[in-house]
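Each chain is listed here by its residues.
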2 protein chains.
Amino acid sequence: MTDSNLLIVGSIGLDTIETQSDKVERVLGGAAVYSSCAAANLTHSAIVGVVGDDFPAEHETMLKNKNIDLTCMQKKPGKTFFWHGRYRDDMNERDTLDTQLGVFGEFKPEIPASHANIPYLFLANIHPQLQLDVLDAMQGKPFVAADSMNLWIDTTPDLLKQVIRRVDVLFVNDEEAKMITGQSSVLRAADAIIAMGPSVAVIKKGDAGAMLISRDDVFATPAIPLREVKDPTGAGDTFAGGMMGYIARQNDRSFETMKQAAVLGSVMASFTVEDFSLNRLANVSPDDVRERIERLRCLTVFKDIEI
Amino acid sequence: MTDSNLLIVGSIGLDTIETQSDKVERVLGGAAVYSSCAAANLTHSAIVGVVGDDFPAEHETMLKNKNIDLTCMQKKPGKTFFWHGRYRDDMNERDTLDTQLGVFGEFKPEIPASHANIPYLFLANIHPQLQLDVLDAMQGKPFVAADSMNLWIDTTPDLLKQVIRRVDVLFVNDEEAKMITGQSSVLRAADAIIAMGPSVAVIKKGDAGAMLISRDDVFATPAIPLREVKDPTGAGDTFAGGMMGYIARQNDRSFETMKQAAVLGSVMASFTVEDFSLNRLANVSPDDVRERIERLRCLTVFKDIEI
């Protein structure tokens, strides 16, 4: 058995990233890496993923040092998933210059019996069929969150809808929410998502933060304003990982806990974007986290208004 | 003398507006109209503007019924300013199909002695030279807020900078803030704006709300999530009018008051976008306002987090 209480399925990759002022090559990345590192500050998680035989040992060491369980990380002959992206002046926009799937192209998640009863599951953005395979492989009834992307909305909408029907929390950006549902307002899109199955839709709004929407409640968390954003890569995955890490830690699925969890998501994402790769996120102390929670709380507090 | 304590300078217009599902023709609009109607729920304001002899009497009646002082609204032979716009599927984007300046093209704001000592001044988006003329015409030392647009950043940047140096609060969207200052992050852009003169930069983020930034403080107010946005026209002007209306009402320029004021701005803007023209905003009750303030407060409140 494992003592992990959060299972994270997704990509592990090497990224070459260009911004307007900087460039880094073949640094550690991937949705499962960002989300598990965010969760590592809160709970004990296990990654389900695959790397090639070129995956640097130092990355494995770093993840293990953060108590991330790599039992379900497969190592296959071949190349690790590689992504090369370039951010525009407006860092909300980026262009993909190259993608090499490598061993990720043939990835088949395997969930050993030791990990099939983990109570919290985060399906990061991968092919919806793989997300379904993982759902089928789980033996317990985990609390499930899933992320996706416009690629799957366009190419495999039916599979994606099957996933959505089986998850408790769906992460989407506002454009994706509208695409999936055909609704024109974010709230109506969230209503439609909730009608499909999830109890909560999490609408990611990039540097404007995120919204949680359930049948009866709405919560908004701003992103923490930063003087310098060095690299937004992984911010969404970090948000999801921080959020799921907190829910797993608290072992509570109430909307009140999800609000706090979303705050943790915003806080963790604010570390990720301050440096390339996991450079900042992997070196966060509990005091750093507490300070940013407080900063985020103060950001929206106002005194009573008499009208 | 006037009993107005907020002077608002800007356009008064007739708008033809198309959305994906609706169209209205020659309805009341203009920055000074939206902002004064937002402020009318909070304080007594006066409009400085111009209309043509085609301006419907019913609009004048409506504004007067809201206790808006029209002493400084000029009536000239000719056509009232006309704008025709069409919103895209994503209502954050719109195309201008027609603009006819009419009498607004020759507009020269005139501030009679009775109005030259009004303590709060909002310069809505008009040519920066006119904004400077109004500043020169004021006899007291009003607390001044100004709005602008990318057109003036492109065509008359030096005049615009002269305006910025003389105002206390600058309203801009995030893209404009970056354009004006050449900075790549919103916070650094705000720092640069504050270095030019204003004590507070208000960064408008459309349906993601707004941020107030001073030398020492940051405040974020989300927009109130709505199931249906019918017409976003005037939302920014409404936000500014609601904010300035509250500051004038409280007669207090502290950051604490500005935070509350920004909340009022968000609340008023949420009414504007629910219907075309002033249809909803002009019919808001104090209870409506209180209910939305509470809704906005609840939107971001979370319980203490132990890490």
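Worth saying up front: this structure is predicted, and the values here are computed from it rather than measured. (Residues numbered from 1 in each chain as written. Chains lettered and ligands numbered in written order. Predicted model: local features only at pLDDT ≥ 70, side-chain atom pairs only at ≥ 80, totals over all residues.)

Novice: In this structure, what is going on with the overall build of chain A? I would like to understand it.
Specialist: Helix and strand counts for chain A come out as 10 helices and 13 strands. The C-alpha radius of gyration of chain A comes to 18 Å, within 12% of the 19 Å expected for a compact globule of 307 residues. In terms of principal-axis extent, the alpha carbons of chain A reach across some 70 × 45 × 35 Å. Taking all 307 residues of chain A together, 51% fall into the buried category. Within chain A, residue pairs in contact and separated by at least 24 positions form 67% of the contacts whose partners lie at least 6 positions apart. (Helix = DSSP H or I, 4+ residues; strand = E, 2+ residues; numbered from the N terminus. Rg over C-alpha atoms; globule rule 2.2 N^0.38 Å. Buried ≥ 20, exposed ≤ 12 C-beta atoms within 10 Å, placed from the backbone. Contact = placed C-beta atoms within 7 Å.)

Novice: When you look at the environment of M73 of chain B in this model, what are you seeing that I'm missing?
Specialist: With respect to the element layout, M73 of chain B can be found in strand 5 (residues 73–76). Taking the C-alpha atoms as reference, M73 of chain B lies 11 Å from L7 of chain B; in sequence the two are 66 residues apart.

Novice: Explain the pairing of strand 6 (residues 81–87) of chain B to me, please; I cannot follow it from the model alone.
Specialist: Consecutive side chains of a regular strand alternate in pointing toward one face of the sheet and then the other. All names here are of chain B. Bridge count between strand 2 (residues 13–18) and strand 6: 6 bridges; the pairing is parallel. Across the sheet, residue I17 finds its bridge partner in strand 6, namely G85. Relative to strand 7 (residues 94–100), strand 6 is paired through 6 bridges, and the arrangement is antiparallel. Within the sheet, the bridge partner assigned to H84 lies in strand 7 and is D98. Between strand 6 and strand 7, which pair antiparallel one after the other, the connecting turn spans 6 residues. (Pairing = 2+ DSSP bridges.)

Novice: When you look at the packing of helix 8 (residues 235–250) of chain A against helix 9 (residues 255–272) of chain A in this model, what are you seeing that I'm missing?
Specialist: A packed helix pair is summarised by two numbers, namely the angle formed by the two axes and the spacing between the axes. Residues and elements named next belong to chain A. Where helix 8 contacts helix 9, the axes come no closer than 7 Å and their chain directions differ by 140°. Put simply, helix 8 runs oblique to helix 9. Here the hand of the crossing between helix 8 and helix 9 comes out right-handed. In contact with A235, T238, F239, A240, G241, G242, M243, Y246, I247 and Q250 of helix 8, helix 9 contributes T257, M258, Q260, A261, A262, L264, G265, S266, V267, M268, A269 and T272. Of the residues in the contact of helix 8 with helix 9, the class split is 13 nonpolar, 9 polar and no charged. (Axes fitted to C-alpha atoms, helices over the stretch in contact; angles between N-to-C directions. Parallel < 35°, antiparallel > 145°, perpendicular 65-115°, else oblique. Left-handed = near helix turned anticlockwise from the far one by under 90°. Nonpolar A, V, L, I, M, F, W, Y, C, P; charged D, E, K, R; others polar.)

Novice: How do you make sense of the sheet that holds strand 6 (residues 81–87) of chain A when you look at a structure like this?
Specialist: Neighbouring strands of a sheet are bound in pairs by backbone hydrogen bonds; such pairs are parallel or else antiparallel. Residues and elements named next belong to chain A. Taken in spatial order, the 4 strands line up as 3-2-6-7 in an open sheet, and their pairing is mixed. Lying at the two open borders of the sheet, with one neighbouring strand each, are strand 3 (23–29) and strand 7 (94–100). Taking each pair of neighbouring strands and ignoring which way they run, the sheet shows an average axis angle of 20°. Bridge analysis of strand 2 (residues 13–18) against strand 3 gives 5 bridges, and the strand direction is antiparallel. Bridge pairing in strand 3 links L14 to L28.

Novice: Please clarify how the interface of chain A and chain B should be interpreted in this entry.
Specialist: Accessible area lost upon the coming together of the parts is a frequently used measure of interface size. Counting residues at the interface gives 33 residues for chain A, matched by 33 residues for chain B. Considering every element that reaches the side of chain A that touches chain B, the biggest residue donor is helix 10 (residues 286–300) of chain A, with 6 residues. Grouping the amino acids of the side of chain A that touches chain B by side-chain chemistry returns 19 nonpolar, 5 polar and 9 charged.

Novice: Any chance you could explain the confidence of the model for chain A here in plain terms?
Specialist: Close inspection of predicted coordinates is inappropriate for parts of the model with low pLDDT. Looking at chain A as a whole, the pLDDT averages 96, with 100% of positions reaching at least 70. For this predicted complex, the interface score ipTM comes out at 0.93, while the overall pTM is 0.94. (pLDDT = per-residue confidence, 0-100.)

Novice: Would you mind showing me how to read the environment of L6 of chain B here?
Specialist: All names here are of chain B. Mapped onto the fold, L6 is located in strand 1 (residues 6–9). For L6, a count of 31 C-beta atoms within 10 Å translates into the label buried. Residues L6 and A248, 242 residues apart in the sequence, show an inter-C-alpha distance of 6.3 Å. Ignoring any residue separated from it by four or fewer positions in sequence, one finds L6 in contact with A39, T43, S45, I118, Y120, F122, M244, G245 and A248.

Novice: Can you walk me through the environment of D288 of chain B in this structure?
Specialist: Within the fold, D288 of chain B resides in helix 10 (residues 286–300). Considering only alpha carbons, one finds D288 of chain B and F271 of chain B, 17 residues apart in sequence, at a separation of 9.3 Å.

Novice: What is the right way to look at the relation of the copies chain A and chain B in this model?
Specialist: Between the two copies of this chain, the relationship is a rotation about some axis together with a displacement along it. Mapping chain A onto chain B calls for a screw motion: a turn of 180° about the axis and a shift of 0.0 Å along it, with 0.0 Å RMSD after fitting. Expressed as an axis order, the relation between the two copies is that of a two-fold axis. Within chain A, the C-alpha atom positioned nearest to the axis of rotation is that of A208 of chain A, 3.1 Å from it. Here 100% of the interface residues in chain A have copies in chain B that are interface residues too; the copies meet face to matching face. (Least-squares fit on C-alpha atoms with pLDDT ≥ 70 in both.)

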